[in-house]
Every structure is written in structure tokens, then in C-alpha cells.
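A look at the structure
Residues per chain are reported as follows:
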Amino acid sequence: MKTTEILENFRRDITDCVFLYIQHDRQLMNEYMAMDKAQRDSFNRELGAEVPKFFGLDDGEQNFSPRSTLIKSYTTHKEY
């Protein structure tokens, strides 16, 4: 098992991981579900755009099979 391979996979799928974090945190999930659909859609776009900026990542390909049920797709990332 290579540590760099694990970290590269995490970096690539970090947006999905962030949404999984929300999904598995009771308080965050309650706040998320308290929003109406339009607010959730806007929040998802905002958060999806902020993740690569915050972590300094370039966009990769679109992934249409997220593990999180909060999103339908996400952009994978690669290092700058």
C-alpha cells in the first residue's frame, strides 16, 4: 500500500468527501435539510467551487458516481 496513492485518491475526490462529511454529521445534515431545494442547490454549487480554491487544486474530470447522496456529480481535482 502506497501512502502517496491514498493521498492522491483523497485529493482527487475531496469534494465528494466534503459532502460525505456533511452527510455523516448530524448537526450539519439537519442544517442542510432545513434549506429548501433551491438553497441546497445554490449551497452545493458554492461549496463545490470553494473546495478547489481552499485546497489549491485544479479541476480534473467530472465524476457522475459520488458516494455522497447529497450530490449528483462532482468535479475531481488534481494538484496545481
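**Digging into the nonpolar core**
- Within the largest apolar cluster, 11 residues are counted, these being Ile14, Phe19, Ile22, Met29, Tyr32, Leu47, Val51, Leu57, Leu70, Ile71 and Tyr74.
- Elements with a minimum of two residues in this core: α2 (14-24), α3 (26-34) and α4 (37-55).
- It is α2 that provides the largest number of residues to this core, a total of three residues.
- With sequence-adjacent residues up to four places away left out, isoleucine 22 is seen in contact with Leu28, Met29, Tyr32, Phe43, Leu47 and Leu70.

**Quick word on the side chain of arginine 40**
- Note on placement: arginine 40 falls in helix α4.
- In this structure arginine 40 is buried but unpaired, with aspartate 41 as the nearest side chain of opposite charge at 6.1 Å.

**Let's talk about the packing of aromatic side chains**
- Evaluation of the coordinates by the stated rule reveals two aromatic pairs.
- Seen from their ring centres, tyrosine 32 and phenylalanine 43 are 6.0 Å apart, and the 70° between their planes marks the pair as edge-to-face. Separated by 11 residues along the polypeptide, tyrosine 32 in helix α3 and phenylalanine 43 in helix α4 bring together distant segments of the chain.
- The interplanar angle of 75° and the centroid separation of 5.0 Å between the aromatic rings of phenylalanine 54 and phenylalanine 55 together place this pair among those described as edge-to-face.

**Some points on the packing of α2 against α3**
- The geometry of α2 relative to α3 is characterised by a closest axis approach of 5 Å and an angle of 95° between their N-to-C directions. Taken together, α2 and α3 sit at an angle that is classed as roughly perpendicular. Two secondary-structure elements touch here, α2 through Tyr21, Ile22, Gln23 and His24 and α3 through Arg26, Leu28, Met29 and Tyr32.
- Broken down by class, the residue content of the contact of α2 with α3 amounts to five nonpolar, two polar and one charged.

The rules behind these values
- Residues numbered from 1 in each chain as written.
- Predicted model: local features only at pLDDT ≥ 70, side-chain atom pairs only at ≥ 80, totals over all residues.
- Heavy atoms only, no water.
- Core = buried A, V, L, I, M, F, W, Y, C linked by side-chain atoms within 4.5 Å.
- Buried < 20%, exposed > 50% of the residue type's maximum accessible area, 1.4 Å probe, protein only.
- Helix = DSSP H or I, 4+ residues; strand = E, 2+ residues; numbered from the N terminus.
- Contact = heavy atoms within 4.5 Å.
- Lys, Arg positive; Asp, Glu negative; His and termini not counted.
- Salt bridge = Lys/Arg side-chain N within 4 Å of Asp/Glu carboxyl O.
- Phe/Tyr/Trp six-rings, centres within 6.5 Å; stacked < 30°, edge-to-face > 60°.
- Axes fitted to C-alpha atoms, helices over the stretch in contact; angles between N-to-C directions.
- Parallel < 35°, antiparallel > 145°, perpendicular 65-115°, else oblique.
- Nonpolar A, V, L, I, M, F, W, Y, C, P; charged D, E, K, R; others polar.

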